[in-house]
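Listed below are the residues making up each chain.
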Amino acid sequence: MNALIDQDTTFIVQGITGREAVNLTRECLDYGSKIVGGVTPGRKGREVHGVPVFDSVAQLCKELGTVPDGSVVTVPPAFTKDAVFEAIEAGVKLIVIVTERIPRFDVAQMVELANLRGARIIGPNCLGIIRPGVAKMGGIGGPAKDAQKAYQPGSVGVMSRSGGMTTEISSTLTAAGLGVSIACSIGGDAIIGSTYAELMPMFEADEQTEAIVIYTEPGGRMEAELARYVTENDSKLPIVAFMAGRFMDEMPGMSFGHAGTIVEGKADTAAEKIKRLNDAGITVAEEIGEIPDLVKEKIAAKAEV
Amino acid sequence: LRFFEYESRQILQREGIPVADGGFATDAEGAKAIAAEIGGPVVIKSQVLTGGRMKAGGVKFADTPEEAEAHAREILALEINGHMPKGVLIGAKAEIKQEYYAGVIYDGVRKLPTFVFSDMGGIDIEEVAEQHPDHIGRGHFSTILPHMDFNAKDAIASIGITGSELNRLTPILSKLARLFAKYDMTLAEINPLAQLADGTFVAVDAHMDMENEGRPRQKRLLTELGVGDEETREAREPTQFEIDGEKVDSVDHRGVAGNVTEFDGNLGLVIGAGGGSLTLFDAVRRYGGRPANYCEIGGNPSVSKAKNLTKLVLSKPGVDKIAVMMSIVSNTRVDIVARGVIKACLELGYDPAEKIAVFRIPGAWEEEGFKILDKYGVEYFDRSVSMHEAAKRAVEKIGAAT
């Protein structure tokens, strides 16, 4: 799958009768997304904003006569693993996991099965994906009218470990006239289904995308992985990064903001990550407000080459 | 959730990994009794959740039970890096042929758990990895296939270990991996894993860390070990201010208004959400501001929750003003937070216009929120003012550090 989502992407919502899921369904439908069904065990026959509810993913596929492209999973942490396995085994290829506080071992299991079956997981602990003006999959950007305000179609791809900051950065890019091609809230946990480096080929294949902005934090090695990817693959997309949580370098062993931010070694610190990103030619902005100009400079520099 | 050494030993034992003779005591008399039972030279180790206990004098050796008692008394009274010991571990000082290292951690890039094994135990494994990479064996193992020993065997054999050593070490490393998975650990290590004179292996020291997300389903183990729900076991013990913050958050389940961490500045922060708080805390410091605290609001908390968090921050000694700031919100309502922070000021007898340096929360229900702020004369910003500009303005109003 190259584009993650477009106007034809169909998806379902697992846990659709939950309070947050009902809102999310409304928001996505209003935005133009194609939600073909929902799953909550024991609630077959109901409807949520006109979307039919089934007992299982397999049942949904059988009765609708089709396997949806994706699923948004928003069920409590103790049940998430089973719900994701269920979607993967039914043949769903794109799974957005909204749920937070899932034990890391469960996440590793879900990701391992997804890799075996050729499925992609976004999250957990994320707000999903938006292709501005086309569709959104997840709570990203909030209600349709709010999402329209913050996300206008444009040329910059956004990947962020923070759901809220995905919108803040996209809004800044929108206000500067650059707009957003696809924004992906990748999740704040220590293990996530799709890292920056793993999503890069998808952005590179996207015709609309001319540059990338990432929001990042201390903890984990996925920035080092991105730096390596960019260096080894001579990526055509210039990248601007924003690093939050620099203060955490003074407080090893403490976690702030997201579960994934705990610094377990020297390579996890903000300072070390900034250095690695810089070495790979990725500019690290000091302030959010600088991002649009840095992106414009990078796009212009690329055009001259 | 970090485990004390004596707890990690118990976990190893219940999973069938041999540990060196010894026992845990909370007083000097108990230490003496354990030493007498062991009947030989012993080591007395402070049970603290911090590194550097050897250097600090938290580890001592004794030849007699009386000597062990005296050492235990000293160690029990010794504070290390701000931590008082929970007790002492008395261990047999066995004759060791060689020290090994056995560990299991996550590899966040491959997204799988991985073995780390070395025949250079007893020292910092990161140091070994840097200076003697050929003495480190690694290998991932599946989280969905049935657990099998061969992965552990390969990791050990990869550094040239064979013969009876390999066959004795394999089940130990394999069992360590099993308990890592079973108990939601993010770290399980035995260092050193000692080979005794008779060729057998015992764990001499162990270190384990369970992730908080696993706690709800690990209640049985935690209860058996006597770990209370209230024990955070963070790198630093929570302060009273932080405990009070936790209470504010737990009163009702709607939204988050917590994750409070104490700092010693004069600018109180009422900020959110996860990434927004990290960004804003940095931003305040970037302009020379001195935050009094870190916190997170998100997920649409109630007015009273926002109010109680704000009151807690405003009541903290040394706080002159507060800055109320978030990244653009789509779920949390601007008007609800605005109501909460203004109510907090009023209930404490403060003028909101004076106490709230800036309010910068754009997004859902912002028109309603801004109306309320207008009424009380609070300086606020919409999304056209960046998070950094808002933080800068807050610092200007309170005065930067000199």
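Residues numbered from 1 in each chain as written. Chains lettered and ligands numbered in written order. Predicted model: local features only at pLDDT ≥ 70, side-chain atom pairs only at ≥ 80, totals over all residues. Heavy atoms only, no water.

So what's going on with the overall build of chain B? Which residues, and what values?
What chain B contains, in helices and strands, is 14 helices and 15 strands. In terms of overall dimensions, chain B has C-alpha extents of about 80 × 50 × 40 Å along its principal axes. Across the 402 residues in chain B, those meeting the buried criterion constitute 56%. The contacts of chain B with a sequence gap of at least 6 include a subset with a gap of at least 24, amounting to 66%. (Helix = DSSP H or I, 4+ residues; strand = E, 2+ residues; numbered from the N terminus. Buried < 20%, exposed > 50% of the residue type's maximum accessible area, 1.4 Å probe, protein only. Contact = heavy atoms within 4.5 Å.)

Please give an account of the overall build of chain A that cites residues and values.
Helix and strand counts for chain A come out as 10 helices and 14 strands. C-alpha extents for chain A along the principal axes are approximately 55 × 40 × 30 Å. Looking at the 305 residues of chain A, the share that counts as buried comes to 62%. Taking the intrachain contacts of chain A between residues at least 6 apart in sequence as the baseline, contacts between residues at least 24 apart amount to 71%. Accessible surface for chain A amounts to roughly 11,000 Å². Of this, 50% is attributable to carbon and sulfur atoms. Averaged over its 29 positive side-chain charges, chain A has a centre that lies 4 Å from the centre of its 40 negative ones. (Areas by Shrake-Rupley, 256 points an atom, 1.4 Å probe, with all protein chains shown as cover. Lys, Arg positive; Asp, Glu negative; His and termini not counted. Charge placed at Lys NZ, Arg CZ, Asp CG, Glu CD.)

Residues and numbers for the packing of helix α3 (residues 77-89) of chain A against helix α4 (residues 104-117) of chain A, please.
Residues and elements named next belong to chain A. It is at 10 Å that the axes of α3 and α4 come closest, and there the two elements cross at 5 degrees. Between α3 and α4, the crossing angle belongs to the class labelled roughly parallel. For the pair α3 and α4, contact is made by Thr 80, Lys 81, Val 84, Phe 85, Ile 88 and Glu 89 and by Asp 106, Gln 109, Met 110, Leu 113, Ala 114 and Arg 117, respectively. For the contact of α3 with α4, the class distribution of residues is six nonpolar, two polar and four charged. (Axes fitted to C-alpha atoms, helices over the stretch in contact; angles between N-to-C directions. Parallel < 35°, antiparallel > 145°, perpendicular 65-115°, else oblique. Nonpolar A, V, L, I, M, F, W, Y, C, P; charged D, E, K, R; others polar.)

An account of the environment of Glu5(B) is needed here, citing residue identities and associated values.
Residue and element names in this part refer to chain B. Within the secondary structure layout, Glu 5 lies in helix α1 (residues 5-14). Assessed through its relative accessible area of 6%, Glu 5 is described here as buried. Measuring from C-alpha to C-alpha, the distance between Glu 5 and Asp 205 comes to 6.7 Å, with 200 residues separating the pair along the chain. The contacts of Glu 5, once residues within four sequence positions are left out, are Lys 45, Gln 47, Arg 53, Leu 89, Val 204, Asp 205 and Ala 206. There is a polar contact of 3.1 Å between the side chain of Glu 5 and the side chain of Gln 47. (Polar contact = N/O pair within 3.5 Å; in protein donor to acceptor, adjacent residues only side chain to side chain.)

Any details on the pairing of strand β6 (residues 94-97) of chain A? Residues and values, ideally.
Residues and elements named next belong to chain A. Going residue by residue along β6, you find Leu 94 and Val 96 tucked away on one face and Ile 95 and Ile 97 tucked away on the opposite face as well. The pairing of strand β5 (residues 70-73) with β6 spans four bridges and is parallel. Residue Ser 71 lies in a different strand from β6, and its bridge partner there is Ile 95. Here three bridges tie β6 to strand β7 (residues 120-122), and the two strands are oriented parallel to one another. Across the sheet, residue Leu 94 finds its bridge partner in β7, namely Arg 120. In this fold, the crossover linking β6 to β7 by way of α4 has right-handed handedness. (Pairing = 2+ DSSP bridges. Right-handed = clockwise from strand over helix to strand, strands pointing away.)

Please set out helix α8 (residues 222-233) of chain A residue by residue, giving values where relevant.
All names here are of chain A. Helix length check: α8 (12 residues) gives 16 Å between terminal C-alpha atoms against 16 Å at 1.5 Å per residue, within 8%. Every buried residue of α8 is listed here: Met 222, Glu 223, Ala 224, Glu 225, Leu 226, Ala 227, Tyr 229 and Val 230. Against the buried residues of α8 lie α7 (196-205), β12 (211-216), β13 (239-243) and α9 (270-279). Just downstream of α8, Asp 234 is the residue with a positive phi angle, here 50 degrees. (Expected span 1.5 Å × (residues − 1).)

Quick one: what's the story with the nonpolar core, residue by residue and with numbers?
By size, the foremost hydrophobic cluster in this structure holds 85 residues, and its most contacted members are Leu173(A), Ile291(A), Val295(A), Met325(B) and Phe359(B). For this core, the element with the most residues is helix α11 (residues 334-347) of chain B, which contributes seven residues. If near-sequence neighbours (up to four positions away) are discounted, Leu173(A) is found in contact with Val156(A), Val158(A), Leu178(A), Gly179(A), Val180(A), Val213(A), Ile291(A), Pro292(A) and Val295(A). Residues Ala83(A), Ala108(A), Leu193(B) and Leu225(B) belong to the second largest nonpolar core, which totals 67 residues. (Core = buried A, V, L, I, M, F, W, Y, C linked by side-chain atoms within 4.5 Å.)

Help me get a handle on the interface of chain A and chain B, residues and values and all.
Across the contact, 61 residues belong to chain A and 43 residues belong to chain B. Across the interface of chain A and chain B, roughly 4,100 Å² is buried in total on both sides, 55% from carbon and sulfur atoms. Seen at the junction of chain A and chain B, the total is eight salt bridges. Those elements giving two or more residues to the side of chain A that touches chain B turn out to be α4, α5 (144-150), α6 (163-175), α8 and β13 of chain A. Residue classes in the side of chain A that touches chain B are distributed as 25 nonpolar, 17 polar and 19 charged. (Buried area = accessible area lost by both parts, 1.4 Å probe. Salt bridge = Lys/Arg side-chain N within 4 Å of Asp/Glu carboxyl O.)

For the pattern of salt bridges, give the residues involved together with the corresponding values.
Residues and elements named next belong to chain B. This model, assessed by the stated rule, comprises 48 salt bridges over all chains. The partner of Glu 29 in a salt bridge is Arg 73, with the nearest N and O atoms 3.1 Å apart. One end of the pair, Glu 29, is in helix α2 (residues 28-38); the other, Arg 73, is in helix α3 (residues 65-76), with 44 residues separating them in the sequence. By relative accessible area, which is 45% here, Arg 73 ends up partly exposed.

Residues and numbers for helix α9 (residues 274-286) of chain B, please.
All names here are of chain B. End to end, α9 covers 19 Å across 13 residues, agreeing with the expected 18 Å (1.5 Å per residue, within 8%). Considered for burial, the residues of α9 that qualify are Gly 274, Gly 275, Gly 276, Ser 277, Leu 278, Thr 279, Leu 280, Phe 281, Asp 282, Ala 283 and Val 284. Just downstream of α9, Gly 288 is the residue with a positive phi angle, here 85 degrees.

Describe a nonpolar patch on the surface, naming the residues involved and giving the relevant values.
On the surface, a nonpolar cluster with roughly 290 Å² of combined accessible area is contributed by Leu145(B), Met148(B) and Phe150(B). Overall, the relative accessible area of 38% leaves Met148(B) in the partly exposed class. (Patch = residues over 30% accessible without salt bridge, like charges linked within 9 Å, V, L, I, M, F, W, Y side chains within 5 Å.)

Before we move on, can you summarise unusual backbone geometry with the specific residues and values?
Here the amide bond leading from Gly123(A) into Pro124(A) is cis, since omega sits at 5 degrees, within 30 degrees of zero. Structurally, Pro124(A) is set in the loop between β7 and β8 (128-131). Cis geometry marks the peptide bond from Asn191(B) to Pro192(B); its omega dihedral reads 5 degrees. With respect to the helices, strands and loops of the structure, Pro192(B) is situated in strand β8 (residues 185-196). Positive phi is not limited to glycine here, since Asn125(A) has a value of about 60 degrees. In this fold, Asn125(A) is placed in the loop between β7 and β8. Assessed through its relative accessible area of 16%, Asn125(A) is described here as buried. Of note, Asn81(B) is a non-glycine position whose phi angle comes to about 50 degrees, a positive value. Relative to the assigned elements, Asn81(B) resides in the loop between α3 and β4 (88-92).

Go over the sheet that holds strand β1 (residues 22-25) of chain B, please, and point to the residues and values.
Note: strands within a sheet are paired through backbone hydrogen bonds, in either parallel or antiparallel orientation. Residues and elements named next belong to chain B. Pairing is antiparallel in the open sheet, where four strands are placed in the order β1-β4-β2-β3. Looking at the sheet topology across the chains shown, the edges are occupied by β1 and β3 (59-62). For this sheet the average axis-to-axis angle between neighbouring strands, irrespective of direction, equals 20 degrees. Both β1 and β4 contribute to a ladder of four bridges, which runs antiparallel. Among the inter-strand pairings, Gly 22 is bridged to a residue of β4, identified as Gly 91.

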